[in-house]
Amino acid sequence: MKYLEGQPRPDWVNGQSEQLDVKRQAQQVFEASQAIRPNGLIMESQNPQSTITSSKPLTLLFVSFSLGESLLKGIFEEAAGRDDVLLVFRGPKPGQKLPALMADLKRLLKGIDPLPNIVIDPTRFQRWSVTSVPDIVVEQEGKARLQMRGVSSLSWLDEQIKAGKQGDLGTLGDVGEITEIDLLEEIKRRMAAIDWKQKQQQAIARFWAQQKFEELPVAREDRDRTLDLTITAPRDLTAPNGQLIIRAGQTVNPLDKMPFGLCLKVFDATVPTQVELIRHQSCQDKRSRVMYLATQLPRQDGWDSLKELETTLKAPVYLLTPDVRSRFQLQQVPAIVEQVGNQLVVRERKLPVSTGEPS
């Protein structure tokens, strides 16, 4: 019965699905962008919202395919094998899929060994306000030690660093536009285009359309059946401390040691007359806790119907599961399962003739 009581409702029922979908889609886009490894291309694995801080300077060379393939290939060759240099793209070209971007990079990297470090990271473009290429930022301990635009020569940069140059040196050469999309802005665009209310309704419809119910036939007559829970132990049963609990061959009835304590009311929630009958049917033991189990609910408006039903019964309602159906040998509804003496009794009740039967 703990399984029944612990059944959680989907997050989207509580209005949390929108945030979960946003996070999931954003994560998928970033994982896809960072998974490009053409011919062993080294890609930096980074959480897009994290800030990399290092005591060692890291040269970020921001590039784009707008620079032209010849200049890009030269940059790749100069950066090859340098662990202190990271070539940064903002994303794929407009309308370009990631596999196509990978193919372009593989083609330009052909014959270059070792490979340069390349990453797709729009967060760094935004962090350092990079709006044109080439742009160089020497990053150290989360700060820009040196920045300049219009320069792509790493050897010239090394000379400036040796000379003690620091700060923003400005634009020192020709710059071009960034033709690739900003993945962060693309994520925002995708999120804004999603009709979350429709997504929620579709998810709810799918849930109830796929829900499997433990349907039971309607009781044709009043019938009481007893369930004897007495068992014969096939072998000795001992506690963890070695104390003997039951000897092999000994018969025992669990209800002699521990009362059932529940009154199960099982019914078809799609039939109003069953709901009314089970609502007014009394349990013999007034001290037992009532638990309502529905064999099925309306698929079209399942959660609304469940909420309305729980309001009517002033108690939680759980769906009947196959194991509970089998454990208590449930055959027809409406029915009540409760303890009488040292046995369980299943009381099946026929609906009043005047109410008719479900169509």
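The structure we're discussing is the one just above.
Note that the coordinates shown come from a computational prediction; the quantities given were computed from them, not determined experimentally.

**Here's the deal with the sheet that holds strand S1 (residues 58–62)**
- The sheet built from 6 strands is open, its strands ordered S3-S2-S1-S4-S5-S6 with mixed pairing. Of all the strands in the sheet, the pair left with one neighbour each is strand S3 (118–120) and strand S6 (167–171). Direction aside, neighbouring strands of the sheet carry axes that sit 25° apart on average.
- Here 4 bridges tie S1 to strand S2 (residues 85–89), and the two strands are oriented parallel to one another. When the sheet's bridge partners are listed, Phe-62 is paired in S2 with Val-88.

**Description of the state of the cysteines**
- According to the stated counting rule, one finds 1 disulfide in the structure shown.
- Across the disulfide, Cys-263 is cross-linked to Cys-283 (sulfur-sulfur distance 2.0 Å). One quick way to see it: the torsion about the S-S bond of Cys-263 and Cys-283 is about -85°, and its sign makes the bridge left-handed. Here Cys-263 is found in strand S12 (residues 262–267), whereas its partner Cys-283 is found in the loop between helix H10 (272–280) and strand S13 (289–294), with 20 residues between them in sequence.
- What makes Cys-283 buried here is its relative accessible area of 8%.

**Focus on the environment of Thr-270**
- Assignment of secondary structure puts Thr-270 in the loop between S12 and H10.
- Under the relative-accessibility criterion, Thr-270 is labelled partly exposed at 35%.
- Between the C-alpha atoms of Thr-270 and Pro-298, which are 28 residues apart in sequence, the distance is 5.9 Å.
- Only 2.6 Å separates the side chain of Thr-270 from the side chain of Asp-268, close enough to count as a polar contact.

Cut-offs applied
Residues numbered from 1 in each chain as written. Predicted model: local features only at pLDDT ≥ 70, side-chain atom pairs only at ≥ 80, totals over all residues. Heavy atoms only, no water. Pairing = 2+ DSSP bridges. Helix = DSSP H or I, 4+ residues; strand = E, 2+ residues; numbered from the N terminus. Axes fitted to C-alpha atoms, helices over the stretch in contact; angles between N-to-C directions. Disulfide = S-S within 2.5 Å. Buried < 20%, exposed > 50% of the residue type's maximum accessible area, 1.4 Å probe, protein only. Polar contact = N/O pair within 3.5 Å; in protein donor to acceptor, adjacent residues only side chain to side chain.

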